[in-house]
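Each chain, written out:
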Amino acid sequence: MKRLILCFSIFAITCSLLPACSARVQVGAEQTADYLPLLKDKRVALFSNHTGIVGDKHTLDILVGNSVNVTAIFSPEHGFRGTAGAGDHVASSVDEKTGVPILSLYDKGSYAPSAESMQQFDILVVDIQDVGLRFYTYYISMVRLMAACADCSKPVIILDRPNPNGFYVDGPVLDMKFKSGVGWLPIPVVHGMTLGELALMVNGEHWLPDGKQCELTVIPCRNYTHQTRYRLPVPPSPNLRNMLAVYLYPSMCYFEATPVSLGRGTDLPFLCYGHPDYKISNSLNFKHSTLNYISFTPRSMTSAPKPPCQDRLCYGVDLSHMSEEEAMNLGLDLTFLIDAYNNLMSPKDTLNSFFTPFFEKLIGVDYVRPMIEAGKSAEEIRACWQQDVESFKIQRRPYLLYKE
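Residues numbered from 1 in each chain as written. Predicted model: local features only at pLDDT ≥ 70, side-chain atom pairs only at ≥ 80, totals over all residues. Heavy atoms only, no water.

Take the confidence of the model for the chain next. For the chain, per-residue confidence averages 89 on the pLDDT scale, and 86% of positions sit at 70 or higher. Here residues 82-90 is a poorly scored stretch, pLDDT under 50, and it has 27 contacts once near neighbours within four places are set aside; other chains count. (pLDDT = per-residue confidence, 0-100. Contact = heavy atoms within 4.5 Å.)

Right, here's the structure in full:
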């Protein structure tokens, strides 16, 4: 009997701990009781895209279904339905289901909301899935909207979502002389924050133009910490098709500033890299046993209309068999970029012929390129930004909503 009581006690204690460990993450959009009262009798604009969902229902439908007067939708890069290619212009349109006007922030001309569009609503709701990287543009559109709302004294409500790369911070802090459409704030490449936390930091650090602040409310996620391994319910953009690509993205995006293909126009975007002149050999000393050589031919497709190396047979490295855990442990790893550089460049080549100026916009500083050209290792380069990482962790701490 004593043994039975002891076993039951252990079982009861274990069960009492399970909800904190395994409870389902609830995104901000699910907390309707917390935000619907704030929208009563207001004209509401929604900044979102195909990722703004709860189960199989879009946040737009939740709002309309609760008699919220949604008067405008702002859509980011890739459009409201998330099908346009990277950087493509997306025309404004109308949502077929609800009849609400869709105002594209990636139409020709300015990427900021127009003065006319700002007159169409009283309050802005933000619900979009970010992946936590400085060069991923959804947060930039959010910050531009925050600035416009600050100018027009319009409140902003952010329905927060987890950051799938929120379990670490890595990479150099952006040198603001390289500020661009793929780098807007003085934050590391991998900042480890949700959009709600980042918005609080934008306000708190006075990063909006002229140091302004917008009236901001964040509806947090429930059952989420920065160590939660959150799996995205839908791909956040056309070429980030699975979680492995999301985890490799911090290490792979720099190929966009080189002649090397990173798999756009194939079935493996961000999961391979190669070039017609890449030399296959057994001398490559990767630490990862799951990496293989590959050949592929990028083709024009909806998600990549004009991919690098289009219609040319490429040789390179296949990362698609790497485990998600292994990819998560990489952090921001320049090993793949350095391999391609060393493979394709010879001593007779002009050093600047491999990288375009876009590279500094992606990496955010001017010391990485010369270090690669000088033959430095990924570990030596990473050591140069470690102080950036530690300082940023301290700077961001007052704005964190979730346990580190």
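Structure shown, so let's carry the discussion forward.
Turning next to helix H9 (residues 335-344). The buried fraction of H9 amounts to 8 of the 10 residues, a majority that puts the element mostly inside the structure. Along H9, the positions that sit buried rather than exposed are Phe336, Leu337, Ile338, Asp339, Ala340, Tyr341, Asn343 and Leu344. (Buried < 20%, exposed > 50% of the residue type's maximum accessible area, 1.4 Å probe, protein only. Helix = DSSP H or I, 4+ residues; strand = E, 2+ residues; numbered from the N terminus.)

Now for the nonpolar core. In this structure, Tyr35, Leu39, Leu124, Tyr254, Tyr273 and Leu334 are the most contacted members of the largest nonpolar core, which totals 123 residues. For this core, the leading source of residues is helix H5 (residues 138-152), giving 11 residues. The residues contacting Leu39, other than those within four sequence positions of it, are Val44, Leu63, Val68, Ile123, Val125 and Ile157. The next biggest cluster of nonpolar side chains, apart from the first, holds 5 residues, and it includes Ile294, Phe296, Cys309 and Cys314. (Core = buried A, V, L, I, M, F, W, Y, C linked by side-chain atoms within 4.5 Å.)

Reading across from one edge, E5-E6-E4-E1-E7-E8-E11 is the order of the 7 strands in this open sheet, with mixed pairing throughout. Every interior strand has two partners, whereas the edge strands, strand E5 (93-94) and strand E11 (216-219), have only one. Bridge count for strand E1 (residues 43-48) against strand E7 (residues 123-127) is 5 bridges, and the pairing is parallel. Bridge pairing links Ser48 to Asp127 in E7. Its contacts with the sheet place H5 against E1, strand E4 (69-75), E7 and strand E8 (156-159), and it is angled at close to 155 degrees to E1. Contacting E8 and E11, helix H6 (residues 195-204) runs over the sheet at an angle of about 160 degrees to E11. (Pairing = 2+ DSSP bridges. Axes fitted to C-alpha atoms, helices over the stretch in contact; angles between N-to-C directions.)

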